[in-house]
Amino acid sequence: MVLLHQQLSSRKRPGINRQFPLPKIPKPTATTTTATTSVSDESRRPQNDDAEGTDIDKMVSLLAEAGCTLFHPSGPPCLPSNPHNFRRHLHRLFSSSSNASLRSAFLSGFSLYIQSSQNLHRVLLPSNRDGLGPATCESLVRHLLLVPPIQIDLQNVLLEKLPEYFDINPEYSGRLSSLDEDVARLIVNHFRWLDFLVDSYAFTNKLLQVLSICPLHLKKEIIVSLPEIIGDQNNKAVVDSLEKMLQEDSAIIVPVLDSLSNLNLDNQLQEQVVTIALSCIRTIDAEHLPYLLRFLFLSATPTNVRRIISQIREQLKFVGVASSCTVKHSKLKGKSTLGNTNASILDALRSSLRFKNILCQEILKETKCIERVQDHKVIDIWLLMLIYMNGESLQKSVEKIFKKKIIEGCIHEVMIDQCIGGNMELVQDYFSSFLSLSEYLLACKEQKARDFGIHMYSILFEEFVDTFSRQEILGALVTHVGSGINFEVTSALDTMIMLVSKYAHDLVPLSSHINGVLDYLEGFSVENLHKVYEFFSHLAISARSRENFFGSSISNELFMMVRKQVNSSDLKYKKMGLIGTLKMVSCLVDANISTCPAPSMQANSEEALELLKASLESCKQFPLPLILFYDELITMLDCRSVQPAIVDWIGKHVGEFESMFLSDLEGGQLSVKDLYCGLEGELMMNLDGDISPICLNILPLVSSSLQSSSNLQILPANFLLLSTIERLANHGSLGGIDALLGCPLHLPSSKYFSGDCLQSLTGKQKHIVCLSLYYATNWIRELLNAFCTQVIGRFACTTQATREEMIVKLFKRLRNLLFLESLLNNSLKLYPLSLPELHLHVEHSGFQPNLVGHVEKKNEHDKTYESLSSSKKRKDRKMSKASKDSGIDGKLRQPTIFDVLKKAGATTSQGTPNDDSSALSPKCRTSESADQHTYDTNKNISLEVSAIFKVLEAQRSKFRPLLVDCFSILTFSTNQDSCCPDPAAELPLHLYLLHDIRHKLDFFSPPSKAFSAQHFSAPPGLSGVTVSQFLAKITPLFPTFKKHFNAAVSILKEGNENCEEHWKVQYASAGNPDIPNVVLSRSSVCTSVFKEILHCFNKMLSLADVNLDKQILSDLLEAFQPLKISDSIFSGLQPVPLPGTIEYLYCGAYSFVEDVLDLACSFSFMLASEALLTLESIATSIMKFNDKLMQRNNRSTSMGSIEAVLPGLRSRLSTSSHKILMHNWDNENSENSVKSKGEIMQKILQVYLENSESTSDLLHELACSILPQAQSPKTTEEDDYHGFPTLCPATFNIWYRVLHEENLAILNKLVKEVVHSEKRRAAVQLDIVEELLTKLQKSVNVLVSLVDMCRTHDKVTVHAMAVKYGGKFVDSFLKIHFQMHNELVIQLVKELQKATRTIQTLCAEAKGLKQTVITSKIPSTKRSMERFLFRVKALLHTSSSECTFWMGNLKHKDLMGQVVSSQAYMDDQNDNNNNPEEPTAEEEQCAGDASEEEDREMG
C-alpha cells in the first residue's frame, strides 16, 4: 500500500508559473518522433528501433486518451481543460495491476521521448489548455509527477537527466538565461511544492546523490530549494548530507543556512544544526558572516542561547579591529571592503538583538560572568553597545556593566581604540550611543570610570571630524561642566584641556559652543578655575595665529574679561582675574610648548610682561590678592619652563625683599634698641650666633602698621617666591639665601610671655604681641617648606657637610615653631583676636573684604619701610655660613612622621579640636582689651608646649601650610650624642608633624561620604597632589612611625622621668628664650603620639589606593610588625602563613596593635578605643584586599590563607571590644570617662556585636537580661551587677540605639535569606526557611524586650527610638511570604503583638503631650502597622488555624495599662475585645492595629 504524504498547508508556495515566451517547436514527423541523430547514427541504430517507436506511440496514445495532445504545432503539449480529470484518468489506468505493461510502456516511451533535449524542454515548459488559446498552465511533467503510480519513476528519470546539463552555467554565459531556457533549473523547479511524495525516502536519497556531484551554481539552487522539494520528511538525512557537503566546500554556507532555517526540525536536529553553524564561524568568509550570525541568533532558544553567545564571543574575529592604527593613517580610511563587511556584521547582530530579548539578557549575563581580564574582547564592547542602542529598558544594565568592568580593569582604553579608531564609517550609526555612554562614565564617582570617559571623548573627537559630531561632543562636555558636581566638572574640564592641547586650531571655529562656560565662573572652585582658564588660554593663543577676524575675537574677548576681573574691587572677581592672568602668562611664555617663530615668541613675552605688571599693580594695595598672585607665580615656575625674560622680571621684583623685611646686625646684635608702641624688642631664635648679618624685622613692622599689616601679610608668600627664583637661578641650590634659615627674629621681649606681664599690657600692645608671634610662626613654616628641598635629595647641589648642618637647623626651626605656636595659643586665650589670613581661601564665594582700609594706610607703609631701610645697607646678603653653630651639641633628635600624624589627630575620631574651635567666633572681640587688667596679676600662667593648640585650631586655615615635602625631613637623623636613646624631648616635634599629616589624611579619607574629598577643593598644601603622590612621599616614613610609637609606649609603660634637663638643653640650643613657666607634659605628649600614630595607621589602611597597591600595603604593615608574633594568632590556620606573605604581615600588624591594646586599657579609654578601631581597620582591610584578589582572579576560587585569616581575627576583635566594655574606667578622669564619649562607645559596641560568634544570641542576652538592669540610676555597689561597667544610665541611650540597629540589621539579613530560599521552591529549601524563621524568633523577642523597657523608662529619646525602629522592624518583617509558612508566622505575630501594642500606646501619648521628637516618626510607623494589619488578616483567613479574624476598637490605655479617663465611655464590646484572657492573641493583634488606624485619624 502506497501512502501519499501531503505537504504542509502553511508552507508558502512560490509563483513559478510565470508567462514566458514559448519557443517555436517544429512539427514532429516520422523522423522526429524519436530522438533524431545524424545519418551515421541512423546507420548504426539497432534493430529494436521499432520497439522503441512502439513505446513512444503507446505513450502518445495514452496521453491522447487522457486528453493531452503531445505534439502541438504551436509549442508545448496541450493539456485538457480539466487537468484533475487528466491526472485521475492516468492514476486509475496505471493503478490497475492488469495494466502493469501499459505503465511500463508509458514510462519507457516517455524516457525515450525526452532523450531529445528539445522534447525535454517542451514537456518542461508550461502547457496550453484546450480551447483557451494562448492561456498557459502547469507543464506536462508537473501533471505527470502528480500521478502517484508513476511519480517515483519519473523523478528518477528526471534526476538522471540532470547531469547532461551540468555544463550550462548561466553565471558564465554571455547573457543571463531565464528559467525557461535553463533545463536543469526547470527540472529542479518541477520538484518544488509537489502536493505529495510517494516515496520521500527514496527520492531524497536520489536527490542528495545527484546534489553531491552538481556544479556550484546548481548545487546552491537545489540546496535553497530543499525545504520546498522534500518538505518535512527525512530531515535527518538532509542535515547530515548538508553537513558533509559543507565540510567539503564552505562556499555553499549561505544556501545551506537558508535551507536549514526553512526546515521544520525537532529539538535534536535543531541542536545539530546549531553545532554545524557554530563550527563554521572560524572558517567562513567574512562576507558570509552576517548570514551565519543572523541564522545563529534566530536559532537561539533558552536551552542553547548560552552556548551560541559563548561560541560567538570565542570564535568570532571582528575583522579589521587589530589593524585599526594602520587603517587610521591610510588614505582610504573607512572606505575599504572590510569596513562594509564589519558594518554588515554589526547590522546583522543589531537586527537580531532587537527582536530577541533572550539574546540581550544572555549577553549581559555572559559578560557579567567573565572573570579574567584577558578573556574580555572587543566584540564584548560591540555587543553591549548594540544592546545599549536598541532599547532604553536595558541601557541602565549596560551602563552598570561597563562601569564595573572598567573599574575592575577588564575593559581598557586599547579596546575602545580598536572599536572607534580608524572606523569612522563603521561607528557613524552608533555615534550617539558612544557619546551617551561617555556622558554616563564621566558623571560616575569612580575615578577609573571618569578617566575612561575622558578617553572616549578624546577618541570620538579625534575620529569624527565633521562639525555636527564635534558640536555634539562639546555640547555634552559643557553640560558636564554645568552639572555643579565637583568631580564631574573637574573631569569634563580635564577632557577639554586634553582636546585643546591636541586640536586647538580645530576648536577655534567651534568656540561659540563653549564660550558660555565663561559666564558661570563664580560657581567653580579654584582648582577648576585653573582648568577653565588653561583651556581658554590655549584656545585664545591658538586663535591669535589665525588670520581671520573670528579667531582673533576669541582672544580679545578673553583678554578683556581677564583685565576687567583683575581691576575689579570685588575680591571674588579679582581672584578669578589673577588666576586667569597667570594661566594666560604661563601659556604665552611656556618654553616647552612654544613653537612660534622668534618674533612671535618675543611678542608673547612682551605681552606676558604687560599682563604681569598690570596684575601686580592692581593688587599691590591688597594683601590677599597679592598673596594669591605670588602663589600662582610659584606654581607656574614649579610646573613650567618659563622664558628667561619672565624669570628676570620676577627676580627683580622679589629683590626688594631685603629692604622690606630685613635689618642689618652688628656682631649679631641690633645697633639701636628702640621701643615700639611701648614694647621692648629682642632678637630671638638666632641659629648663627654672632656671625648672623641680618634679622627679620617683625616687631617694628607690626607696630608701625598695626591697622594694615599688609607687607608682613605677604612676607611668607614673598619669601617662598624668592626661594623658587633662587633655585631656578642656581640649579636648585638655596646657598645664596641660606642666611635666612639661621637669622634671628626681632620679636617682643621674652619677659612679656612670663608671669603676668602679658596681662598687664594694653589692648594695642597685646595685639602687636599676638601678630608678631603669628607672623613669626608662618615665617618658620615657610623656611621649612623652602629649605627642606635642599636635604631630601631632589637637587644634588649641596655638600654633605652643608646638608648635615642644614638638617640640624631645620630641626631647631621645628622647635622654634612649636615654641611660637605655644606662645601664640596662650596669648590668644588671654586676648582673643581674629588673625589675618596669609593665603586666599579658595571658596570666598560672594565675600568682599574691606579693601578701603588697606588703601588708606598705603602711604604710611611706604614711609615706614623707607625709614627702616635707609640706614641699613648690606654688602652681601648671599654669603654662606662658614662657621658652625655653637648650639649644635649633638642633642637634637630627628623628628618623625608620627609627630605630624599625632599633631594632626591628637584627638580621637570624636573630634575634640573641632569642639573647641566651634566655641571661638571667626571674628574675635577686640573690645575686650580694655578689661584685661582685671585678671589676677599674681597668678602665674603655665605654658604647656606639648599640648594640642586648641585655640589655634579654630584659625588654622589662615596659616601658611606645611608642604608634603617637609615630612621627608623626618627620614634623616642628626646623630647627636644623647644620654638616652629615645628622649621624650623629641616627641613634641614628632607630635606636631604627625598632627599635620593626620589632617592631610583626613582630606583623602574623610570620616563619611558626605565629606568626600572628591566634592571639595584641596586644602592648602595639597593643591594638585593626588593620593598616590602623597603616599609615595610618606611611604619612606613608615618605619619612623613605628620608632616613635615604641618610644611613646615605652615612656607610658615605664613612666621614665630621667633626663629632665634634656628638653631644656635642646630647647635652649634652638635659640628659644628662657621662660620659667614653660612646662613639658611627658604623659600628654606620649598619649597624643600614641593616638596620632594609630589614627594615621587606621586612615592609611582605609585608603583605596593603599589596598589596591600591594607594595605600599606591605610596606605599611611591615612597619608595624612586633618583635615576635604570638603563636595564638595562628591557631586554627592550616597551613601557617609564611613570613613575608601579605597574610603573615596582616597577622603581625594585628598582633602588634592587640598587644598595645592591653597596655592602653591601663592608661586611657581613648587610647584603648583608638587601638580597637585600628584593629577593626586591619580586619576591614583584609576583606577589601581579599575582594580585590577575587576580582582579579576567578571569583569561585578561594584565596587560601588570606581568607582563612579573617575569622580568627574577627573572633579576637570581639574579645578585645568585650574587654573594653567590661573594663571599669575611672569616670572622674575626663580622659577615661565614657559618659562624654558617646560616639566612640557606640562604635565599640557595634564592633563587639558584629564580630561575635553569634550576634543574634548575644543581642538576645543583652536586650533581655543585661539592659533592663541599667534602666535607672544605681548606687556604686550596684553598678557591676550586670557585668558591664560601661553600661550606666549615662550610656543607656547609646546601648539602646545600637541594640535596635543591630537587631534590625540581623532581621534584614534573615529576611533576605528567607526570600532567596523561597524562590527555589524545593522541599529541602523549605526546611532551611523554617530554620531561618526559628532564628527570626530571637529578633522578635529582642524587639519586644527593648520596646517593653519604655514602660519603666521615661526618657523621650528612648520612646522615640522605640517608635522609629519598631516601624522599621515591621516593614522588614512584611517582606516574608506569610502564606508559605503560616503556622510559624502566626507564632511570630503572637509575640510581635506585645511590641506593637506598646508602640501604639507610645504614639497616642506622644500626640497628647505634643512630643515632637516622637510625633515626627509616627506617620511612617503607622503606615507600616496598617499594612501589617491587613497582611495578618489575609494570613488568618488562609491558614488552617481555628482562629477567627475580627476588627474593633481598643480602649485607650497608658503604658502602665490604666484606662485613660477620656476613653472611659468605651462600650462593653470593646472591653471584651481587649480582655487579656481572650485565647486568640492574633485577634488582639489585629484589633490593636485597627485601633491604631482610628487613633491616627482621631489625632
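Residues numbered from 1 in each chain as written. Predicted model: local features only at pLDDT ≥ 70, side-chain atom pairs only at ≥ 80, totals over all residues. Heavy atoms only, no water.

Novice: Could you give an account of the overall build of the protein, with specific residues and numbers?
Specialist: When helices and strands are counted, the protein shows 65 helices and 12 strands. Split into buried and exposed, the 1499 residues of the protein put 55% on the buried side. Across the protein, contacts joining residues at least 24 apart in sequence account for 80% of those joining residues at least 6 apart. For the protein, the accessible surface area stands at approximately 64,000 Å², while carbon and sulfur atoms represent 51% of it. (Helix = DSSP H or I, 4+ residues; strand = E, 2+ residues; numbered from the N terminus. Buried < 20%, exposed > 50% of the residue type's maximum accessible area, 1.4 Å probe, protein only. Contact = heavy atoms within 4.5 Å. Areas by Shrake-Rupley, 256 points an atom, 1.4 Å probe, with all protein chains shown as cover.)

Novice: Tell me about the side chain of Ser586, and please be specific about residues and values.
Specialist: Structurally, Ser586 can be placed in helix H29 (residues 571-588). Owing to a relative accessible area of 3%, Ser586 belongs among the buried residues under this scheme. There is a polar contact of 2.7 Å between the side chain of Ser586 and the backbone oxygen of Lys583. (Polar contact = N/O pair within 3.5 Å; in protein donor to acceptor, adjacent residues only side chain to side chain.)

Novice: Run through the sheet that holds strand S9 (residues 694-697), naming residues and quoting values.
Specialist: Spatially, the five strands line up as an open sheet ordered S6-S9-S10-S8-S7, and their pairing is mixed. The sheet is open, and its two edges are formed by strand S6 (662-664) and strand S7 (675-676), each paired on a single side. Here three bridges tie S6 to S9, and the two strands are oriented antiparallel to one another. Paired with Ser663 across the bridge in S9 is Cys695. Packed on one face of the sheet, helix H39 (residues 763-787) meets strand S8 (679-684), S9 and strand S10 (745-748) and runs near 150 degrees to S10. (Pairing = 2+ DSSP bridges. Axes fitted to C-alpha atoms, helices over the stretch in contact; angles between N-to-C directions.)

Novice: Give me the packing of aromatic side chains: which residues, what numbers.
Specialist: Describing an aromatic ring pair means giving the distance of the ring centres and the angle of the ring planes. If you walk through the whole model with that rule in mind, you get 29 aromatic pairs. Seen from their ring centres, Phe1004 and Phe1030 are 5.2 Å apart, and the 40 degrees between their planes marks the pair as tilted. Taken as a pair, Phe1004 in helix H46 (residues 987-1004) and Phe1030 in helix H47 (residues 1027-1034) lie far apart in primary sequence, 26 residues in all. Site record: aromatic cluster; members linked through ring pairs are Phe657, Phe661, Phe719, Trp779 and Phe787. Sitting over the ring of Phe461, Arg470 keeps its end group 4.1 Å from the ring centre. Above the plane of the ring of Tyr503 lies Arg470, whose end atom (NZ or CZ) is 5.8 Å from the centre. (Phe/Tyr/Trp six-rings, centres within 6.5 Å; stacked < 30°, edge-to-face > 60°. Lys NZ or Arg CZ within 6 Å of the ring centre and 35° of its normal.)

Novice: Could you give an account of the pairing of S10, naming the residues involved and the relevant values?
Specialist: Of the strand pairs in this sheet, S8 and S10 are connected by four bridges, and their pairing is antiparallel. The residue of S10 that forms the bridge with Glu682 is Leu747. Of the pairings in the sheet, the one linking S9 to S10 comprises two bridges and is parallel in character. Bridge assignment links Asn697 to a residue of S10, and that residue is His746.

Novice: Go over helix H19 (residues 378-390), please, and point to the residues and values.
Specialist: With 13 residues, H19 ought to run about 18 Å at 1.5 Å a step, and its terminal C-alpha atoms sit 19 Å apart, in line with that. Across the 13 residues of H19, 11 count as buried, placing the element largely inside the fold. (Expected span 1.5 Å × (residues − 1).)

Novice: How would you summarise the packing of helix H36 (residues 715-729) against H39 if you had to cite specific residues and measurements?
Specialist: Running from amino to carboxyl end, H36 crosses H39 at an angle of 20 degrees, the nearest separation of the two axes being 9 Å. When the axis of H36 is compared with that of H39, the two are roughly parallel. Handedness of the H36/H39 crossing: right-handed. Along the contact surface, H36 presents Leu715, Pro716, Phe719, Leu720, Ser723 and Arg727, while H39 presents Asn778, Trp779, Glu782, Leu783, Asn785, Ala786 and Phe787. (Parallel < 35°, antiparallel > 145°, perpendicular 65-115°, else oblique. Left-handed = near helix turned anticlockwise from the far one by under 90°.)

Novice: Can you break down unusual backbone geometry residue by residue, with the values?
Specialist: Look at Cys677: it is not a glycine, yet its phi comes out positive at around 55 degrees. For Cys677, the position within the fold is in the loop between S7 and S8. Judged by relative accessible area, Cys677 falls into the partly exposed class, the value being 31%. In this structure, His731 takes a positive phi of about 55 degrees despite not being glycine.

Novice: Give me the side chain of Asn1293: which residues, what numbers.
Specialist: Structurally, the position occupied by Asn1293 is in helix H58 (residues 1292-1320). A relative accessible area of 18% means that Asn1293 is categorised as buried. A polar atom in the side chain of Asn1293 sits 3.0 Å from the side chain of Thr1357. When sequence neighbours within four positions are dropped, the list of residues in contact with Asn1293 reads Lys1355, Thr1357, Val1358 and Met1361.

Novice: So, the environment of Leu683: which residues are in play, and what are the values?
Specialist: By secondary structure assignment, the location of Leu683 is in strand S8. Separated by 60 residues in the primary sequence, Leu683 and Cys743 have C-alpha atoms spaced 9.4 Å apart. Here Leu683 is in contact with Leu665, Gly668, Gln669, Leu670, Cys695, Pro744, Leu745 and His746, once residues within four sequence places are set aside.

Novice: A description of helix H32 (residues 644-654) should follow, citing residues and the corresponding values.
Specialist: Taken as a whole, H32 has its buried residues at Ile646, Val647, Trp649, Ile650, His653 and Val654. Buried residues of H32, viewed axially, fall in a sector of 160 degrees; they line one side. In H32, the exposed residues that point more than 90 degrees away from the buried face are Pro644 and Lys652. (Arc of directions from axis to C-beta.)

Novice: Help me get a handle on the environment of Ile694, residues and values and all.
Specialist: Counting through the fold element by element, Ile694 comes out in strand S9. Since its relative accessible area comes to 0%, Ile694 is described here as buried. It is 7.5 Å that separates the C-alpha atoms of Ile694 and Pro744, two residues lying 50 residues apart in sequence.

Novice: Got a sec to walk through the pattern of salt bridges? Specific residues and values, please.
Specialist: With the rule as written, the count across this model stands at 35 salt bridges. The salt bridge partner of Asp153 is Arg103, with a shortest N-O separation of 2.2 Å. Of this pair, Asp153 sits in helix H7 (residues 148-161) while Arg103 sits in helix H4 (residues 100-113), placing them 50 residues apart in sequence. Taking the shortest distance from any N to any O, the salt bridge between Arg960 and Asp631 comes out at 3.1 Å. One end of the pair, Arg960, is in the loop between helix H45 (950-953) and H46; the other, Asp631, is in helix H31 (residues 623-639), with 329 residues separating them in the sequence. (Salt bridge = Lys/Arg side-chain N within 4 Å of Asp/Glu carboxyl O.)

Novice: Describe the packing of H19 against helix H23 (residues 431-442), listing the residues and the values that go with them.
Specialist: Put simply, H19 and H23 touch, their axes get as near as 10 Å, and they point 95 degrees apart. As far as their axial angle goes, H23 and H19 are roughly perpendicular. Between H19, through Trp382, Met385, Tyr388 and Met389, and H23, the contact on the second element is made entirely by Ser433, Phe434, Ser436 and Leu437. Split by residue class, the contact of H19 with H23 holds six nonpolar, two polar and no charged. (Nonpolar A, V, L, I, M, F, W, Y, C, P; charged D, E, K, R; others polar.)

Novice: Outline a positive patch on the surface, listing residues and values.
Specialist: On the surface, a cluster of positive charge is made up of Lys365, Lys368, Lys396 and Lys400. Along the chain, Lys365 turns up in helix H18 (residues 357-369). Assessed through its relative accessible area of 43%, Lys365 is described here as partly exposed. (Patch = residues over 30% accessible without salt bridge, like charges linked within 9 Å, V, L, I, M, F, W, Y side chains within 5 Å. Lys, Arg positive; Asp, Glu negative; His and termini not counted. Charge placed at Lys NZ, Arg CZ, Asp CG, Glu CD.)

Novice: Describe the confidence of the model for the protein, naming the residues involved and giving the relevant values.
Specialist: Chain-level statistics for the protein give a pLDDT mean of 76 and a share of 74% at 70 or above. In this model, residues 1008-1015 is a region of pLDDT below 50 whose contacts with residues beyond four sequence positions or in other chains number 12 contacts. (pLDDT = per-residue confidence, 0-100.)

Novice: Break down the environment of Thr1415 for me, citing the residues and quoting the values.
Specialist: Residue placement: Thr1415 occurs in helix H62 (residues 1412-1415). Along the backbone, Thr1415 and Leu1402 are 13 residues apart, and their C-alpha atoms lie at a distance of 9.6 Å. Here Thr1415 is in contact with Ala1406 and Lys1407, once residues within four sequence places are set aside.

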